[in-house]
Amino acid sequence: MSLTRTGQAVVAAAALAAAALASPAVGPASASAQDSTFTEADRPAPPTWSEFKASTYQDPTGVYVVNGDEPVGTLAELRAYYEKMMATDDLNGGDTSLVVNTNGGADDVWSASQVGDLTYCVSDDFGSLKSTVVDAMAGGAALWEGASSAIDFVYDPSQDASCSTDNDAVLFPVEPIETDEYIARAFFPSSPDAERNVLVDDSLTTSGWAPSAILGHELGHALGFRHEHTRPEAGTCFEDDNWRPLTPYDSVSIMHYPQCNGGSDDLSFSGYDAQGVASLYGS
Ligand SMILES: [Zn+2]
């Protein structure tokens, strides 16, 4: 899951007072999540370069991370990402739950054969947290696999002792990281090999969300899905327009940060999540 500590605090508070969710940590709340009269004027103003850069951070690996948990790469690539974000016209009609990432205008997805063989390892470096991560990966994967028989995440424990992006025996590694910036982050199908990993902080077990829901969210990115709250109906947390809607807006999507005007606070897998992934990869 791709949350700031601020976001976690909001969600933790929400367990005590649901009203806390009405005060998102980022940006103005100019339209309610259910507002059917949304117009383009409700879209939050895009950030300047300096504001955008200030909203990102670098992994200990040196990779720049945007939108909470999405890797970009170098500073030059970060600038290119920003320029593209600013230059892209709204290709989505502005008012049209689950959204797929687009790359150069095309859907950012796996081939039919690859999506049925998404192999991963879970690093032994997790130590005492490893069994929790293994279980959470299985639980998160099962959410998507249950909605599309084309999808198969395949755990290969024989690679756990050398579980890194250098290991070509698996498609991606799941590795530990120590950071205050997020609970976990992932990648998109188009991400280069060096960025194609799932990084997990030990706050996985203390965030207030189920570890399987957090990694289910991350595996949503790995399948090509963007944050649902980038859609204008959220009224906040806008990211960019490089995505294509697959379903109606869904404030309770597993890909929607609860603190971004979300309609639920538990990161559960929604009916539209199931419908969206089935529409992309087959039921
Ligand atoms: Zn995310």
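These numbers come from a predicted model, not from an experiment. (Residues numbered from 1 in each chain as written. Predicted model: local features only at pLDDT ≥ 70, side-chain atom pairs only at ≥ 80, totals over all residues.)

**Student:** Tell me what's going on with the pairing of strand β8 (residues 172–176), and back it up with residues and numbers.
**Tutor:** Bridge analysis of strand β6 (residues 118–122) against β8 gives 3 bridges, and the strand direction is parallel. Each bridged residue has a counterpart across the sheet, and for Cys121 the counterpart in β8 is Pro173. Across 3 bridges, β8 lies against strand β10 (residues 198–200) in parallel orientation. Each bridged residue has a counterpart across the sheet, and for Pro176 the counterpart in β10 is Val200. (Pairing = 2+ DSSP bridges. Helix = DSSP H or I, 4+ residues; strand = E, 2+ residues; numbered from the N terminus.)

**Student:** Now, about the packing of helix α5 (residues 130–145) against helix α6 (residues 211–222): what can you tell me, with residues and values included?
**Tutor:** Put simply, α5 and α6 touch, their axes get as near as 7 Å, and they point 55° apart. As judged from the angle between their axes, α5 and α6 are oblique. Crossing angle aside, the handedness with which α5 passes α6 is right-handed. Contacts between α5 and α6 involve Thr132, Ala136, Met137, Gly139, Gly140, Ala141, Leu143 and Trp144 from the former and Pro211, Ser212, Ile214, Leu215, Gly216, Glu218 and Leu219 from the latter. Residues that form the contact of α5 with α6 fall into these classes: 9 nonpolar, 5 polar and 1 charged. (Axes fitted to C-alpha atoms, helices over the stretch in contact; angles between N-to-C directions. Parallel < 35°, antiparallel > 145°, perpendicular 65-115°, else oblique. Left-handed = near helix turned anticlockwise from the far one by under 90°. Contact = placed C-beta atoms within 7 Å. Nonpolar A, V, L, I, M, F, W, Y, C, P; charged D, E, K, R; others polar.)

**Student:** Could you give me a rundown of the sheet that holds strand β11 (residues 243–245), with the residues and numbers involved?
**Tutor:** Sheet architecture is open: 3 strands sit in the order β5-β4-β11, paired in antiparallel fashion. Every other strand in the sheet has two partners, leaving β5 (106–107) and β11 as the edge strands with one partner each. Note: strand β4 (residues 99–103) against β5, 2 bridges, orientation antiparallel. Its bridge partner lying in β5, Thr102 is registered against Asp107.

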